[in-house]
Amino acid sequence: MGAMVAAVTPGPDGAPPWQVLRARARAATAGLPAVPGPGPGVCAACRGPARRGFACCFHCALHAQAEPGLLADVVAPVACAPKGSPLATDLWLYKSGRTGSREAGAALLAMLLVFLHDEGPRVWRRAGTAAPTCACVVPSGRGRPGPHPLQVLVRGCLALPWVALAAQPGGDPWARVLDPGRFRVPRPPTGASILLLDDTWTSGGTAQSAAVALKRAGARSVAVVVLGRHVLAVPGAGCPPGGPRSVVRARRAPAGQ
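Since the model is a prediction, treat every value here as computed from it, not as a measurement.

Peer 1: Help me out: how do you make sense of the layout of surface pockets in this one?
Peer 2: Gaps left between atoms show up when a probe the size of a water molecule is rolled over them. Here the second largest pocket is characterised by a volume of approximately 360 Å³. At the level of elements, α1 (17-29), β1 (74-82) and α4 (101-127) are the ones that each hand at least two residues to the lining of the second largest pocket. Ranked by the residues each element gives to the lining of the second largest pocket, the list is headed by α4, at eight residues. Looking at the lining of the second largest pocket residue by residue, the classes come out as eleven nonpolar, one polar and seven charged.

This is the structure in structure tokens:
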């Protein structure tokens, strides 16, 4: 696993890089609900809420009916991101180019690298592979030029080749339903075990559309690792009454205010 996560630089005062990363990751998720383990009321696919007596949530059940055998082999959320929480704000802010975007990106990168280092082997086993052989990012469907901000954030830290994935022209950029034709793979990743990264998961339709495209193009397995699994606001999870903008204002306020 250490060979996959590379290019981690030392922190200030010579502090060990993993010590710095772990501290940042803990700060980014402080006070948030943990990603639930398997059990009643938890979706077996995305770890979101599911109705009692049902193995999967509504959206994941629809996906499984629509594209059996072509969905991601495993979906692994790094953290829960309640609506209005600091993490939900970071997931929006890091790709906005606004004040605080760099700090938000550093927090998210730390979360991801620590998760891949610590939990990666278990994720790969669940996906039926020893380790990923390629990495890929779920594309943005909203016309953003250039590589996805998540790929820009992480590409220097993963010692894996990248698989290109592109949105088909004419699609609905706001769609959250599974669409097998939404993405295309310019170079088929035949036989590859793919680490598919996404920043947020709401319904899962976009990530699963990407997984279907990769498998149809020849990928052997697809493991989705998503930074934040969106959930409803949770009392005590750092969600202020004013929502995400209030979080940003609170983070910018001078100490003692």
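Peer 1: Just checking my understanding: could you explain the environment of A210 for this structure?
Peer 2: As for its position among the elements, A210 is in helix α6 (residues 205-216). For A210, a relative accessible area of 0% translates into the label buried. For A210 and L71, which are 139 residues apart along the polypeptide, the C-alpha to C-alpha distance reads 8.8 Å. Here A210 is in contact with V138, L165, F183 and L196, once residues within four sequence places are set aside.

Peer 1: Please clarify how helix α3 (residues 86-93) should be interpreted in this entry.
Peer 2: With six of its eight residues buried, α3 lies for the most part within the structure. Among all positions of α3, only L87, A88, T89, D90, L91 and L93 are buried.

Conventions and cut-offs
- Residues numbered from 1 in each chain as written.
- Predicted model: local features only at pLDDT ≥ 70, side-chain atom pairs only at ≥ 80, totals over all residues.
- Heavy atoms only, no water.
- 1 Å grid on protein atoms, 1.4 Å probe; cavity = no way out; pocket = protein on both sides within 12 Å on 5 of 7 lines; lining within 4 Å.
- Points joined across faces, edges and corners; volume = space filled by probe spheres on them.
- Helix = DSSP H or I, 4+ residues; strand = E, 2+ residues; numbered from the N terminus.
- Nonpolar A, V, L, I, M, F, W, Y, C, P; charged D, E, K, R; others polar.
- Buried < 20%, exposed > 50% of the residue type's maximum accessible area, 1.4 Å probe, protein only.
- Contact = heavy atoms within 4.5 Å.

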